[in-house]
Structures are given as C-alpha cells and as structure tokens.
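Given next are the chains, with one letter for each unit.
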Amino acid sequence: MLSIITSDTLSQLRYVINQLTQEEYTLKLTILNQSSVGQHVRHVLEFYICLSQGIGPGVVDYDRRTRNLSIENDPNYANIMLNELSSIFCKGNLEDTTLTNMIDFNGAAIASTSSVGREMVYLIEHSIHHYAFIAIALRNCFAHINVPQDFGVAHSTSKHNRSVVGAELLHQH
C-alpha cells in the first residue's frame, strides 16, 4: 500500500513540474521567501534519494544528504530522478526492511530504530508539506498552471473534505 501512495505522491509532483518552463521552475519567488519551485523539488527529492541510499547499509541520515543543484535547476533532470525514485520505492518488498535513522539534535547524535516503511510514511508527509508551499506559489505566481485541488493537502484532510462534501450532498436531497 505504501508503494502505491508513494507512487501517487511522486506522480503529483511530476504532473506539476511538467507544466513549468525552466525559467518558471528556477525563478526566485517572493512568496517562497526568495526560493524557487525547483529548490523545493530538490529538497523533497533529496530526502527520497537519501533514504534510497540508506537501504543497503541500513542507515539513513537526512542531515547528511547531498544537495544536488541539477534537480533544483533542471526540471527535466528532476523528472529523471522522479522516475528513478518511483522505480525504487514502488517495489512492495522494501517496507519491512529495518534501518537506523540517525538524527543530529543540537549536536547530539541520536540513533533510532526504524524501517523503510516508516520512513516512506515520513517522506510522504514531508512531500505534501512542501507541495503545499509549491501550490501556494503556483496559484499566486503562475495562474496558467493547473494545480490539482488536493496537491499539497494531507491525505487525511482530503478524505475528511470528501466526507463533509458527501454529507452535505446527502442533506440536500
């Protein structure tokens, strides 16, 4: 199930990226505190890359991720990375793989036992959080971009909103 949700989450980003020109993708936007859509895409994808690289050795440390400026500056390269990450995380057999999550908290190294599945849940939520920023920027700066209504909205919120709309429709009849 996580592999399907991860695939859907990455596909949402691909859909948005494919509508942007390189100039739009890299433009520093006031509404994003002078960062670009590409910078948010890079940040999101680097967490997936970091996890993918941690599966073999069994250790993931998001603080030590490599900042790949090609993802930030080239939407075509970002799409290539999205495809590679989709192929890695959309395999259903990774979720139970145990790993250690290393966290640097105010200079103290903390090791926490985790699993690829648990980290995938974290990455989905982290992605949606950044998608919300991207959605705000796109809706305010690039009105021609078709931003899906649920882009940047947590799955639980979307589910709740659908149930509220459904209940309202029932009461109307």
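The shown structure was predicted, so the numbers you read here are calculated from the model rather than taken from an experiment. (Residues numbered from 1 in each chain as written. Predicted model: local features only at pLDDT ≥ 70, side-chain atom pairs only at ≥ 80, totals over all residues. Heavy atoms only, no water.)

Brief notes about the pairing of strand S2 (residues 98–105)
Our working definition: At least two bridges found by DSSP between two strands are what make those strands a pair. A run of DSSP states H or I qualifies as a helix once it reaches four residues; a run of E qualifies as a strand once it reaches two. Both are numbered from the N-terminal end.
Here strand S1 (residues 59–60) pairs with S2 via two bridges, running parallel. Along S2, the bridge assignment pairs Val-59 with Thr-100. Alignment of S2 against strand S3 (residues 108–115), held across eight bridges, turns out to be antiparallel. Note on S3: the bridge partner recorded for Leu-99 is Ser-114. Count of turn residues in the S2/S3 antiparallel hairpin: two residues, of which Asn-106 carries a positive phi of about 55°.

A look at the nonpolar core
Spelled out, the test is: The term nonpolar core refers to a set of buried residues drawn from Ala, Val, Leu, Ile, Met, Phe, Trp, Tyr and Cys, joined through side-chain atoms within 4.5 Å. Accessibility here uses a 1.4 Å probe with only protein chains present; expressed as a share of the type maximum, an area under 20% marks a residue as buried, one over 50% as exposed, and anything in between as partly exposed. The contact rule is simple, with two residues in contact once any of their heavy atoms fall within 4.5 Å.
Core analysis: the biggest nonpolar cluster contains 43 residues, and Leu-13, Val-37, Val-41, Leu-45 and Leu-138 have the highest contact counts within it. Contributing elements (two or more residues each) for this core: helix H1 (2–17), helix H3 (37–55), helix H5 (75–89) and helix H6 (116–141). Not counting chain neighbours up to four residues away, the residues in contact with Leu-13 comprise Val-41, Leu-45, Leu-82, Tyr-131, Ile-134 and Phe-151.

Examining the pattern of salt bridges
Two side chains carrying opposite charge are able to pair once their charged atoms lie near each other. In plain terms, the rule: Salt-bridge detection follows one rule: a side-chain nitrogen of Lys or Arg within 4 Å of a carboxyl oxygen of Asp or Glu.
According to the stated counting rule, one finds four salt bridges in the structure shown. Of the charged contacts in the structure, one is a salt bridge between Glu-46 and Arg-42, with a shortest N-O distance of 3.0 Å. Here Arg-42 and Glu-46 lie together in helix H3, a separation of four residues that amounts to about one turn. For Glu-46, a relative accessible area of 1% corresponds to the buried category. Taking relative accessible area as the criterion, Arg-42 reaches 13% and is therefore assigned buried. Ionic contacts of the salt-bridge type, sharing partners, join the residues Arg-42, Glu-46, Arg-65 and Glu-72 into one network.

A closer look at H3
Note the cut-off: Each helix should span, by expectation, one fewer than its residue count multiplied by 1.5 Å.
Helix length check: H3, at 19 residues, gives a terminal C-alpha distance of 28 Å against a target of 27 Å (1.5 Å per residue), a fit within 8%. In terms of residue burial, H3 counts as a mostly covered element, since 18 of its 19 residues are buried.

Examining the environment of Leu-138
With respect to the helices and strands, the residue Leu-138 is situated in helix H6. Residue Leu-138 is classed as buried on the basis of its relative accessible area, which comes to 0%. Sequence separation between Leu-138 and Leu-29 is 109 residues, and the spatial gap between their C-alpha atoms is 9.9 Å.

Don't take any of this as a statement about function, it's just geometry.
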